[in-house]
Structure formats: structure tokens, C-alpha cells
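Single-letter residue listing:
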Amino acid sequence: MLLLSASLQVLFAQQRTPVSGVVTDDQAQPLAGVTVTLGGSTQALTTTDESGRFQVTVADDARLIFSLIGYAAAEVNTTGNRQLQVVLTPVVSNLDEVVVVGFGTTKKVNLTGAVTAVSGEEIAKRQVGQTSMALQGMAPGVTVTQSSGQPGVDAGTIRVRGIGTLNNSNPLVLVDGVVMSLDHIDVSSIESISVLKDAASSAIYGSRAANGVILITTKRGKSGQFALSYDAYVGKQAATDLPKIVSGLDHMNLINEAHTNVGRSPLFSETDIQNYIANKATDPDHYPDVNWQEEVLRGSGIQQNHVLGITGGTERLQFFGSFGYLNQSGLIDNVNFERYYFRLNTNVQINPKLRGSFDLYVRNNNRKTIADGSHFAGPAAFSAGTSTGMVFGLMNKLPATQAARYTNGQWAEGQNGANPAAIIYDGGWWQQRSTPIAGNFSLEYKPIEALTARVAYAPTYEQPTTRSFSNVVKTYDPNGTLRFSVPALNELNEDASNDRLDQVEATLTYSKDFGGHSLSALGGYQYLTGSNRVFNAFRDNFLFPDYPVLSAGSSENMRNGGSATEWTLISYFGRVNYNYLGKYLFEANIRYDGSSRFAQGNKWGTFPSFSVGWRLSEESFMAGTKSYLDDLKLRVSWGRLGNQEIGSNYPFAPTVSLDPRYISGDEVRNGAAIMSLANTNISWETTEMANYGLDVRLFRNLSVTFDYYQKTTRGILLELSIPKTMGVGAPFQNAGVVENKGWDLQVDYGNSHGKFRYAATFTLSDVRNKVVDLKGIQQTGTLVNREGYAMNSLFLLRSQGLLSAADFDADGNYLHAQPQFGVVAPGDIRYLDIDGNNIVNNNDRQVLGSTIPRYTYGLNLSIGYGNFDLSGLFQGVGKRDGYLTGSAILPFLAGGTAYEYQKDRWTPETPSAEFPRYAFGENHNHQNTDFWMRSAAYLRVKNLQLGYSLPKAAIQRIGVQGARLYISGENLFTFDSFWPGWDPEISAASNGAYYPQVTTYNIGLNLKF
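The structure displayed is predicted, hence computed values, not measured ones.

Cut-off values and rules
- Residues numbered from 1 in each chain as written.
- Predicted model: local features only at pLDDT ≥ 70, side-chain atom pairs only at ≥ 80, totals over all residues.
- Heavy atoms only, no water.
- Helix = DSSP H or I, 4+ residues; strand = E, 2+ residues; numbered from the N terminus.
- Buried < 20%, exposed > 50% of the residue type's maximum accessible area, 1.4 Å probe, protein only.
- Contact = heavy atoms within 4.5 Å.
- Areas by Shrake-Rupley, 256 points an atom, 1.4 Å probe, with all protein chains shown as cover.
- Lys, Arg positive; Asp, Glu negative; His and termini not counted.
- Charge placed at Lys NZ, Arg CZ, Asp CG, Glu CD.
- Axes fitted to C-alpha atoms, helices over the stretch in contact; angles between N-to-C directions.
- Parallel < 35°, antiparallel > 145°, perpendicular 65-115°, else oblique.
- 1 Å grid on protein atoms, 1.4 Å probe; cavity = no way out; pocket = protein on both sides within 12 Å on 5 of 7 lines; lining within 4 Å.
- Points joined across faces, edges and corners; volume = space filled by probe spheres on them.
- Nonpolar A, V, L, I, M, F, W, Y, C, P; charged D, E, K, R; others polar.
- UniProt positions renumbered as here; feature names shortened; annotations may be inferred.
- Pairing = 2+ DSSP bridges.
- Phe/Tyr/Trp six-rings, centres within 6.5 Å; stacked < 30°, edge-to-face > 60°.
- Lys NZ or Arg CZ within 6 Å of the ring centre and 35° of its normal.
- Patch = residues over 30% accessible without salt bridge, like charges linked within 9 Å, V, L, I, M, F, W, Y side chains within 5 Å.
- Salt bridge = Lys/Arg side-chain N within 4 Å of Asp/Glu carboxyl O.
- Polar contact = N/O pair within 3.5 Å; in protein donor to acceptor, adjacent residues only side chain to side chain.
- pLDDT = per-residue confidence, 0-100.

## A short note on the overall build of the chain
And step 1. Broken down by element type, the chain carries ten helices and 55 strands.
And step 2. Principal axes of the C-alpha set define a box for the chain whose edges measure 105 × 70 × 70 Å.
And step 3. A burial count over the chain gives 52% of its 1009 residues as buried.
And step 4. Within the chain, contacts between residues separated by at least 24 positions form 68% of all contacts whose residues are at least 6 apart in sequence.
And step 5. Counting only carbon and sulfur atoms, one obtains 55% of the accessible surface of the chain, whose full area is about 43,600 Å².
And step 6. One way to put it: in the chain the 81 positive side-chain charges average out to a point 8 Å from where the 90 negative ones average out.

So this is what it looks like as C-alpha cells:
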């Protein structure tokens, strides 16, 4: 046997011959990074170096394919050729480009579904801490919204073709086929991103695909080339926009006006004002004129990112390794995000028919911020979703006449003890650490050319720990007397979680050409199971705050708790592709999912899809268009998808709460009770989508893709009313219906002339969302879901300018429909009586605005000349309604101040002012009304980057293959008509309590060895 094995190896070696050569473009310029693939295989043999050179060892009659994004692929037969000169022709939209789809790849020319591909090269241009933000403006039909710039939580919310459910609307994200957050991957590790937008392309993922699917392919090693790279940048962050707060003197005069307008005495006497003017420079303790933004925004805002990559291999073993480090400091002190990661992707050719891949990914996150701000919600008289939101809300609310810190170093009161500067430095801390580990191991067996079997196992494990210590913040009067202590006792919360996800899959793929017929079929099985265990503990009254461990706290109020949950999804799936003569295309998918989240009889669901394509450009009657029309394809698809992400892992089962307490005798005892009913008939939310697409390529350099779609989601979970006499909560039922209709457009153009090259990609999309059926539920909050309107619509009173003296009689009586919101006077907002009963109240509210972005667009430009390159990304929203509430828009509300733009208020001398009169303590102008609604449409210069590559002749002498320096900026400029100082991307109906988006200026370096 040993002799036979040795003989076969010698024979195999004798049949292989080294082949080398150079790859250039049509201007004879060498092309680096060109992938060399053996015909009939998807396994890359090598890539060209910086000089365009390559070398491989192949059979005598091998067929080599040379491919590079942006260029038409070239195919060369090696028979009799040992030195190859290969020329690639640039095209802006390459029909031969391979696009990643579910459980495989396909040529772009053969796509029948709606799939958008984004190259890793474009993604890597962005200097972002969270990769989700690199996708903003890059793909039509994909809306990415960022509502915070805080390090570690500055990710974007991704929506693919609108919002289809009242529950979880996040798309499914797969990294090399493994479920993972998009933000867990560094941009430098990405080879490509594919967004599956219609049912035809995503039905292969069944019950997880209703909100779209994002497939990320990471980089892998190539044979014949060892390379080392180092990429780094350092930058400085600043808030994109902040409201300009009035000075201390202006605050005193304006709030006096607000008092006198409603018949009150001035808050500050004339003597107070004169003393303030005379003493504010010399006695800031008693006469402060504080710039709260300067007091709070003292963080460095420095960010730095370093990535070290290595790639290489032989014909039998290829690897890609990457180690990265990111550190972001906040705009305020004690806010920081730090991340280390390591990725190793390995390919092994075990024998000519068997190969494997072994991938490992380890990440360490450490996020720090200030402690929980909920203790200060009462003193501050407003709420915030995050601790930093509380600080920024207070920063923009407190008047300049409130001191921040006295000259003796003690903290001033702020508002009832809520001092944002004191909270940052003395209020405690919140910290979360996690080190997730993910593996992806596969074996692929190819017994014959047409058949491939693959099995894979991907475990993911994470154990995040969260610790939060809320310290007592003490504030004082100017004379040193203790004024407030918030909270009354310091406290420590600790949480530990244990999360595990296991994924097993097996697929069998058959692909073969029969003359003009091409047929491929895929069958597969997948098993997913996840579990989560949580433990938490609490103690307070720490005598030594510098020693915050549980045992150091008081045991009097201590408590602990825990929970555990698990779920399983079993799936069978299949796909058939048929292609006749390269012009008639057909694809069918089916997936059969079984979920533990549903009761017996409802566990299984079937999710099919069908799509067809017709390449008219290949028809004989189109032969006369070949000089200018490269491709013309029509696509039609239909499919049904599901959504099992409907909240609890056990929505069908009645759960027992252990929280109730009852009295037995003279003692309070622990109890147990069913607090809400369950519905054993609960099942999948289902989404049906039809898509109609058009692909056109003209003059080799211009391509256009257009899609129109209709998407309807049924069976959305709702809590329908039950009699209150039952004493329990209502069960969820599959009852709601939501509809989305829209279109996507992408236009690409690129060319080169000698050393000058340029390219542009324009994307534009629209979606119209409508709630079709809520079974009569009528929500009445500021943001509502109502039948016939878009989700998260603004439910407001309709306004019509400001009242004037002509709206009142000689005795001051209002002449029109009587508002029920307190005293009304000239300069107040005019509300319309919609129901015609001569009374204006909340029954006159209507749906008057939509917060769902429409006409989202992006323009990605790049130009280059010689060693210089310049790129820019412009991104925006054409239509969206924004709304501010509370202190963000109402002057002097609950101890607040005013902003500079609010000085344009109504007075008898300025009846055409933009804002209503100042009216302290009156509620008429504080109602939910479209008066405070403004367009949140915007255009943002998302990224600009200027780079210079050092001459190769100069750097190769020192062993460097490539060196590039660049400067860049993120979120540089924003053009909008939203309220001044507030970002148009903030969450709808915001009270201003949020960490602002940031502008970043970076300088970076790319090195290749």
C-alpha cells in the first residue's frame, strides 16, 4: 500500500507543470490582487502581486480564470503556454462577477432574485467602529439609521425594504454562513457583502428571512503568495451638531418675559439682573454664567484602530489571519469602548476530492460608561433611555445661571441634585466585558465533477459580564451646605450571562451542463439550537465606595435572581436552478422549518419561492443592439417567508411568575401565579413578496438595476382585549397585517483614461408602509400604529399658525372652537377643531406625520490620477417627519432654559415670529401638535478620503510592496431643515436626551509587505 501511494503521488506530480505570467489592464498597467482560479472550481489558486505577477502549478491542459472586481474575467488555456500575458478589460458592472447567495454562489448574469453586492474594498474605506454603519448609503432598499454616536453603541439600525412587523424587524446576518452580528466583524476582514432583498433570494432561509438576509464573506488565503499588511488610523471626534443655549443674562430676561406674559411677577428683579451683570466675572459661585456644554464635553474623543493581517499558503494549505485593536474615547470622560479581535481562516486540500475549512474567531469587548442615570430622572424632571442620554439631556436643558462647580471644588446643585458634570465624575460607572468565541469547521467532498457534499459545524459561545456601581452624588449650596444626595444609597448590580449557539448543516449540490442546458440542484439539512442563562445580584450601602465588590455591601437589601431559556430550529431546504442557452433562467426554493417556539401542530412551516429571468439581449432579434447594449434582463419572483423572532421563546405556553406575594397570617410570603393567558394556536408570522426587476448594461461602462416590490406580512402578533374581570393579561394572537410597497434603483458608471480613472454608484429607493389590519386597535400615544397609516406615525393636533388679537373680542374672549388646554392668548398656537364640536381636545388628534424614511439615497464617487485617489460618499433621506418633545423644544419647561433659535418668538412687536409667545406654566403650547413637527430629510457628506500611494520603486528597495497615506472624515457636513442643533437621524419624538452623532477626522496608513 505504501508503494502504491508513493507511485500515485509521483504520477500526480508528473502531470503538473509550473505556469507564470503577468496580468495587466488595457492600459498595460499591472493589476494586483487578481484572483487566479482553476476552471470548474471555486478554489482560488493564488493572487497577483503588486507587479501583476503570479505563479501556479497546474495540469498541462488546465483552464485558468483571472478575475478582479471591476474587470471582465479572462479565461486562458495553459496547453503549450508556460509564460502568460493576460489583459483584463475594465467594466463597471461585471456580468461574470460571482455573487454570494444562500448556501452558494452564482454569476451575476444568472441572478433572478433581488440581490445587491457590496465589495469589501468599498466597505474598508469607512473608518467606523461598528460595521453596520459602513453599509449606510451603499445598497438600495437598505436603510441604516444611527441614533447615537456613543462608543460601543454607535451601531446602525438596519431595515431591508421597510418595516414588516410590530415585533423584531432586524434582518438575518450570516458571517460565512454563521449567525452573527454585523458589528462583530471588522471592515478590514470583509471580502464581500450580499443583501438578499426579495423572497426568491432569501426563501432558502425560511422562517428567519422575513426581514431580509445579509451575507458576509470574510477574506481567505490564496496559494503561492505570502503577504503581511498593516492598516491603522487615528482620529478625533466631535459632535455633529448641538443646540446653542442662551447666556445667563438672556435667560434671566427671557424667563421674566415668560412670567409676565401670564400675569406673574418677574422671576428676577431688576436689582438681581444688575447685580448679576456687575458680579458674574468676579463671583461665579453666586452669579454663574456657565457654558454647560464646555463643562460636560471634556472627553478626548480620540479613536484609533490597528489591524495586522497575514495571508498566504501552498496549493494544499491556505490561510488568512487578522488581529485588530480598536479604542474609542467619548466626548465626555469615563466613556470608552475597546475591542481586540483575532480571526484565522484556513483552507486545507486534504486530497484532490476532499478539502476542509477551519475558521476561528475570538473577540474581546470592554465597554465603559457612566452609571445608570435613572436615579436622576425625578430630580431632572425628565427621563432618558441611557445614562449618557441623561447627561446630554441635562447639559442642553440647564440654564447658564446654574453653577456647575464652585471655586472650592464642590459640586453645585444643578437641578435638584441632577448635575451632569457631577454625574460623570462622581456618579459611578457601568462596565461590560465579553469574549465571544466562534468556530466554523467544514468538510467538502467532491466524488465526481458534478457533485459536492458538504458538512459544517459552527459553535458560538459568549459569557458577557456587566457591573454597574451607582455612587452617591453630593451637591452643595455656595456656602458649603449639603443640598442633595442622589441616590440616597450607593448600589452595585452585577449580571453574568452564558450564551451558546450551535449550528450544524449538511448540503448536497449537483451542477452540470447538458449542451445548451445548465442544471443545478441543492438539498440540505440544518440544525440550530441556542441557550441562555443569566445570574444577577444586587447590594447597596457600600461604606467604602472605592471597593465595589458584592461582599462589601450591606446584606439588608441584597437580592439575586436568575433565568434560563433555550430554543431549537430544525430545517430541510432545497433549490433548483435551470438555465437554457444563457437567456432563459428559472429558480425554485423551498424550506421546511420546525421551531420549538410553537406548540404541537404549529411547529412546522413551509416557505417556497419561484423566480424567472429572461435575458432579452441574447435573443436574435436584439442582435442589432450589441454595439451599445451589453445586457438586458427581466426578472420576476414570488415567495413566502416567515418570522419566528416574536419575543419569548415560549409564546405558546402559560408561564408561572414567581414575583407575586401574598399575606398568610401576619407574614408576607412568596407566591406563584399565571399572570397572562397563553395561546397554543400561535404560529409564524408570514410574509409574501412579489418582485419585478430590470437589469441593463450599456456601453460596457454603465449599468442600471431597478426593482419594484410588494410585501405583505400577515399573522403579526397582537394582544387583543379580553374582559378585565378575568384578572390576567391578554394572550398574543396572529392577527395583524402590514404592507410595504416600494422600489430600488442602482446606477453604476466607471471608466479610465490613461492614469486617470473614475467611478460612480448612485442608489435610490422608496418604501410606502401601511398598517392594513390591527383588529380595531386604536393607539393614542405620540407614535402610533393605526390602520390605514404607516407604522410609528405621529398622532398630533393640527395647527394653523399663531393666534392674533383678531381672534379675541374686546373682553379677551376667544372667538373660535374652545381649546381645553388652559389659558389661551394672542401668540399661542392655533389648533383646528377637526371633529367640528366647537371644542379642541385630544379627540381632534390625527395621524399627521410618518417617521419611516422614504427616498433614501446614496452617491459613492471615486477618482484617481497616478498615485493619488479621492473618494466620497454622500447619503441622505428625501422624506421623513421628525418631532421634538419636552425640553428639547419647549422653553423653560421643568427648570429648563431656552435656545438661541427660540428667541424668534411672538411678541406684540413681532407677530410674524416663528415660535409662540413665552408662557411660563401654561400648557396650551405644550400639546402634541404638528407645530413641533419638521422635515427630517437630509443630505450628509458621510465620508471623504484623500490618499496618496508612495512610488513602488522607492519603497520596494526597503522590502515594502505598497504604502499609502490618507486623510479622511466621517459625517463632515449635514444639510437639513430640522430644528437647529438637533440631528435629523435621532429617534422620533425625542426629548433631546441622547448622545449625539459625531464628526470624525482621521489620518491613516496602509502598508503591504
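After that view of the structure, there is still more to cover.
## Some points on the packing of helix α4 (residues 248-260) against helix α5 (residues 270-279)
And step 1. Interhelical geometry of α4 versus α5 gives an angle of 170° and a closest axis separation of 10 Å. With respect to each other, α4 and α5 are oriented roughly antiparallel. Two secondary-structure elements touch here, α4 through Gly248, Leu249, Met252, Asn253 and Asn256 and α5 through Asp272, Ile273, Tyr276 and Ile277.

## Some remarks on empty space enclosed by the protein
And step 1. According to the stated counting rule, one finds seven cavities of 30 Å³ or more in the structure shown.
And step 2. By volume, the largest cavity amounts to about 170 Å³.
And step 3. Lining of the largest cavity is provided by 18 residues; of these, Val128, Gln146, Asp154, Asn971 and Val998 occupy positions nearest its centre.
And step 4. Sorting the residues of the lining of the largest cavity by element identifies β54 (962-976) and β55 (998-1008) as the ones contributing at least two each.
And step 5. Taken together, the residues of the lining of the largest cavity sort by class into three nonpolar, eleven polar and four charged.
And step 6. Space inside the second largest cavity adds up to approximately 80 Å³.
And step 7. Considering the residues around the second largest cavity, the lining is formed by Val175, Asp176, Val178, Met180, Arg343, Asp359, Leu360, Tyr361, Ala438, Gly439 and Asn440.
And step 8. When residues of the lining of the second largest cavity are traced back to their parent elements, those giving at least two are β21 (354-370) and β23 (437-448).
And step 9. Of the residues assigned to the lining of the second largest cavity, the class counts are six nonpolar, two polar and three charged.

## A word on helix α8 (residues 387-395)
And step 1. For α8, the buried fraction is high: nine of the nine residues fall into the buried class.
And step 2. Where α8 is concerned, the buried positions are Ser387, Thr388, Gly389, Met390, Val391, Phe392, Gly393, Leu394 and Met395.
And step 3. Lining the buried residues of α8 we find α6 (292-296), β21, α7 (377-380) and α9 (420-426).

## Concerning the layout of surface pockets
And step 1. Taken as a whole, the second largest pocket spans an internal volume of roughly 1,300 Å³.
And step 2. Residue lining of the second largest pocket: 40 residues in total, with Val179, Met180, Ser181, His184 and Leu501 positioned closest to the centre.
And step 3. Those elements giving two or more residues to the lining of the second largest pocket turn out to be β12 (157-160), β13 (172-175), β21, β24 (451-462), β28 (491-514), β29 (517-540) and β30 (554-580).
And step 4. For the lining of the second largest pocket, the element with the highest residue contribution is β29, accounting for four residues.
And step 5. Of the residues that constitute the lining of the second largest pocket, the class distribution is 15 nonpolar, 17 polar and eight charged.

## A few points about the UniProt feature "domain: TonB-dependent receptor plug" (unreviewed entry) in the chain
And step 1. What UniProt calls "domain: TonB-dependent receptor plug" (unreviewed entry) maps, in this numbering, to residues 108-213.
And step 2. Taken end to end, residues 108-213 is 8% helix and 25% strand, and its first and last C-alpha atoms sit 17 Å apart.

## Quick notes on the sheet that holds strand β3 (residues 44-47)
And step 1. Within the open sheet, the four strands sit side by side as β3-β2-β5-β6. Their pairing is antiparallel. Of all strands in the sheet, those with a lone pairing partner are β3 and β6 (74-77), marking the two edges. Neighbour-to-neighbour, the strand axes of this sheet turn through a mean angle of 25°, independent of strand direction.
And step 2. Bridge count between strand β2 (residues 35-38) and β3: three bridges; the pairing is antiparallel. Residue pairing across strands places threonine 37 opposite alanine 44, the latter belonging to β3.

## Here's the deal with the sheet that holds strand β48 (residues 846-850)
And step 1. Strand order across the open sheet formed by three strands is β42-β43-β48, with antiparallel pairing between neighbours. Two strands lie at the open edges of the sheet, namely β42 (783-784) and β48, each paired on one side alone.
And step 2. Inspection of the sheet shows strand β43 (residues 793-796) paired to β48 by four bridges, in the antiparallel sense. Along β48, the bridge assignment pairs phenylalanine 795 with valine 847.

## Some remarks on the packing of aromatic side chains
And step 1. Evaluation of the coordinates by the stated rule reveals 35 aromatic pairs.
And step 2. Relative to phenylalanine 66, the ring of phenylalanine 54 lies with its centre 5.2 Å away and its plane at 65°, an arrangement referred to as edge-to-face. Here the residue phenylalanine 54 occupies a position in strand β4 (residues 53-59), and phenylalanine 66 occupies one in strand β5 (residues 63-67), the gap between them amounting to twelve residues. Like phenylalanine 66, phenylalanine 54 is buried.
And step 3. Between tyrosine 341 and tyrosine 361 the ring centres are 6.2 Å apart and the planes differ by 50°, which places this aromatic pair in the tilted class. Of the two residues, tyrosine 341 is situated in strand β20 (residues 336-351) and tyrosine 361 in strand β21; the sequence distance between them amounts to 20 residues.
And step 4. Above the ring of phenylalanine 538, the side-chain terminus of arginine 559 is found at 3.9 Å from the ring centroid.

## Regarding the pairing of β13
And step 1. Where burial is concerned, the two faces of β13 agree: the one with Leu172 and Leu174 and the one with Val173 and Val175 are both buried.
And step 2. The pairing of β13 with strand β16 (residues 213-218) spans four bridges and is classified as parallel. Note that in β16 the partner of valine 175 across the bridge is isoleucine 216.
And step 3. Between β13 and strand β14 (residues 178-179), which pair antiparallel and follow one another directly, the connecting turn spans two residues, one of which, aspartate 176, has a positive phi of 55°.

## Here's the deal with the UniProt feature "domain: TonB-dependent receptor-like beta-barrel" (unreviewed entry) in the chain
And step 1. Sequence positions flagged by UniProt for "domain: TonB-dependent receptor-like beta-barrel" (unreviewed entry) are, in local numbering, residues 418-972.
And step 2. Its end C-alpha atoms 33 Å apart, residues 418-972 is made of 2% helix and 57% strand.

## A few points about a nonpolar patch on the surface
And step 1. Taken together, the side chains of Leu228, Leu308, Ile310, Phe323, Tyr340, Phe342, Leu344, Leu360, Ile437 and Phe1009 make up a nonpolar region of the molecular surface, amounting to roughly 800 Å² of accessible area.
And step 2. At the level of secondary structure, the elements contributing two or more residues to the nonpolar patch comprise β18 (302-313) and β20.
And step 3. Among the elements that line the nonpolar patch, the one with the most residues is β20, at three residues.
And step 4. The topology assignment puts phenylalanine 323 in strand β19 (residues 317-329).

## What about the side chain of asparagine 336?
And step 1. Tracing the backbone shows asparagine 336 in strand β20.
And step 2. Filtering out sequence-adjacent residues up to four positions away, asparagine 336 remains in contact with Pro151, Asn327, Gln328, Ser329, Asn366, Arg367 and Lys368.

## Brief notes about unusual backbone geometry
And step 1. That bond from valine 486 to proline 487 is cis: its omega, -10°, falls within 30 degrees of zero.
And step 2. Secondary-structure assignment places proline 487 in the loop between β27 (482-486) and β28.
And step 3. Within the chain, asparagine 971 stands out as a residue other than glycine whose phi angle is a positive 55°.
And step 4. Note that asparagine 971 resides in strand β54.
And step 5. A relative accessible area of 6% means that asparagine 971 is categorised as buried.

## Describing the environment of threonine 625
And step 1. Relative to the helices and strands, threonine 625 is located in the loop between β32 (604-615) and β33 (629-643).
And step 2. For threonine 625, the side chain forms a polar contact with the main-chain oxygen of methionine 622, separated by 2.6 Å.

## Details of the confidence of the model for the chain
And step 1. In the predicted model, the chain carries a mean pLDDT of 91, and the fraction of residues at 70 or more is 97%.
And step 2. Here residues 1-14 scores under 50 on pLDDT; set against residues more than four positions off or in separate chains, the count is one contact.

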